[in-house]
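Examining the three-dimensional arrangement
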Amino acid sequence: MSKIILTGDRPTGRLHVGHYVGSLRRRVELQNSGEYDKIFIMIADAQALTDNADQPEKVRQNIMEVALDYLSAGLDPEKSTIFIQSVVSELTELTFYYSNLVTVSRLQRNPTVKAEIQMRNFEASIPVGFFTYPISQAADITAFKATTVPVGEDQMPMLEQCREIVHKFNTVYGETLVMPDILLPDNKACLRLPGIDGKAKMSKSLGNCIYLSDTEQDVRKKVMSMFTDPGHLRVEDPGKTEGNPVFIYLEAFSRPEHFAQFWPDYAGLDELKAHYERGGLGDVKVKKFLNKVLQAELAPIRQRRKEWEKRIPDVYEILREGSREACAVAADTLKEVKAAMRINYFDDDAMIREQEEKYR
Ligand code: ATP
Ligand code: MG
């Protein structure tokens, strides 16, 4: 069976380092591994509209921001198909049919949707489209026959729900859809990178992000203002590294060569952590090191972005070409789905003969 990747991001803002360690960095590695037959990367504008219905211009503007972030992070349009969700109208058709296979109470139990409803103060007035977006996500994944979905931990319930839909569909209508697997980051710190304010998740909607496109000065300022261990008041005090965002970021980004290059007093992160926990190591020093590590990772991305920003019409062409290809693939799947559901009236000569027989 082919190995196919589908993943994507909502164009609700520029991409941040949480996206990078949670999914984007991995996608680029998978893309370059040559192990996948097809890679589809979707800019989920239709999904972004489910909770931004009154802000179409925000979604429109961020399509280019996300596309530029993709290309700067190393996604290569020669190897990955980058497309815009709303262009592929087959996805909404699939969503409509899948919604018959999901109950309202099942959607209500989805913990990510629950948390997001709370975060957006939607409790009393949830848009139906937002409530049902896990179903549309199942359409996105299955339309491309994805076997692998590389995402952050917050997407686990979506994948579970998608797998249930696949199972139900195949049980009711016959083996048609491909069962996808989630691919989470192996590094625990990358599962759900916290915000610079210490909140559980760095998120565009919470404004606690370091963006891939931030300037060198912005990144430094944000790192130096980061939340650390509130009990670590004086340098000599013992500090906590667990749950401390600065150390979580170091877990996510630092490599032994960063220590060799920027802070050879320590062999690696374990030694640095031990010193912080013993006491005698100030936050400022650790933050300065984190800043150097982040700058080393982000500088080439920033550089590539500058180049792509000079080629906006080319970026649109990449999206147009990717969307055209995505439409063709999704149309084939929709055709199979309709055949399985017995709603392919004009493609079924046997049915016409059968009806003819019946009324003869
Ligand atoms: P929004 O607030 O609009 O939902 P978001 O910041 O949550 O935006 P998404 O576009 O919903 O971003 O998520 C895109 C991908 O990035 C998903 O795979 C998600 O799991 C991953 N991701 C998002 N935030 C983080 C994070 N803080 N840590 C790790 N992965 C993340
Ligand atoms: Mg999100």
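Described in the following lines is the structure provided in the data block. Since this is a predicted model, take the numbers as computed values, not measurements. (Residues numbered from 1 in each chain as written. Chains lettered and ligands numbered in written order. Predicted model: local features only at pLDDT ≥ 70, side-chain atom pairs only at ≥ 80, totals over all residues. Heavy atoms only, no water.)

**Details of the overall build of the protein chain**
Put simply, the rule is: Helix and strand definitions follow DSSP, with helices as H or I runs of at least four residues and strands as E runs of at least two, each counted in order from the N terminus. Each residue is assigned to one of three classes by its accessible area relative to the maximum for its type, calculated with a 1.4 Å probe on protein chains only: buried under 20%, partly exposed between the two thresholds, exposed over 50%. Whether two residues are in contact is decided by their heavy atoms: any pair within 4.5 Å suffices. For every accessible area listed, the method is Shrake-Rupley and the probe measures 1.4 Å; residues are considered covered only by the protein chains on display.
Broken down by element type, the protein chain carries 16 helices and five strands. The buried share of the protein chain, reckoned over its 360 residues, is 53%. Residue pairs in contact within the protein chain that sit at least 24 positions apart in sequence constitute 77% of those at least 6 positions apart. Total accessible area computed for the protein chain in this model is approximately 17,700 Å², and 52% of it derives from carbon and sulfur atoms.

**Here's the deal with the packing of aromatic side chains**
The cut-off we apply is this: Paired rings are identified among Phe, Tyr and Trp, the last through its six-membered ring, by centres lying within 6.5 Å, and are further divided according to the angle between planes into stacked (under 30 degrees), edge-to-face (over 60) and tilted (the rest). Here, a charge over a ring means that NZ of Lys or CZ of Arg falls within 6 Å of the ring centre while also lying within 35 degrees of the ring normal.
Tallying each qualifying case throughout the model produces eleven aromatic pairs. Plain terms: the ring middles of Phe122 and Phe130 are 5.4 Å apart, the flat faces sit at 75° to each other, and that makes the pair edge-to-face. Exposure remark for Phe122: the relative accessible area of 14% places this residue in the buried category. The interplanar angle of 75° and the centroid separation of 4.9 Å between the aromatic rings of Trp263 and Tyr266 together place this pair among those described as edge-to-face. Judged by its relative accessible area of 10%, Tyr266 is buried. Among the aromatic residues, ring-to-ring pairing joins Phe259, Trp263, Tyr266 and Phe289 into one connected group. Lying over the aromatic face of Tyr211, Arg14 brings its terminal NZ or CZ to 4.4 Å of the ring centre. The lysine or arginine in question, Arg25, covers the ring of Phe253, its NZ or CZ lying 5.8 Å from the ring centre.

**A look at the nonpolar core**
Applied cut-off: Here the nonpolar core consists of buried residues drawn from Ala, Val, Leu, Ile, Met, Phe, Trp, Tyr and Cys, with membership extended through side-chain atoms lying within 4.5 Å. Where each domain begins and ends is defined by an automated method or by a domain database.
In terms of nonpolar packing, the biggest core is built from 60 residues, with Tyr70, Leu193, Ile210, Leu250, Phe253 and Leu272 touching the most fellow members. Each of domain 1 (4-192 + 312-355) and domain 2 (216-308) gives at least three residues to this core. When neighbours within four sequence positions are excluded, Tyr70 is seen to be in contact with Gly8, Asp9, Leu15, Leu24, Arg27, Ile41, Met42, Ile43, Leu75 and Ile82. Ranked by size, the runner-up nonpolar core spans 37 residues in total, among them Leu94, Ile135, Ile141 and Leu177.

**Some words on the pattern of salt bridges**
Pairing between side chains of opposite charge can happen when their charged atoms approach one another. For clarity, the cut-off: Salt bridge, as applied in this entry: a Lys or Arg side-chain nitrogen positioned within 4 Å of an Asp or Glu carboxyl oxygen.
Taken as a whole and assessed by the stated rule, the structure comprises 28 salt bridges. The salt bridge partner of Glu321 is Arg324, with a shortest N-O separation of 2.7 Å. Linking Glu321 with Arg324, this pair stays in helix α15 (residues 312-340), spanning three residues, or about one helical turn. When its relative accessible area of 39% is taken as the criterion, Glu321 is described as partly exposed. Linked through salt bridges whose partners overlap, the residues forming this network are Glu65, Asp69, Arg305 and Glu309.

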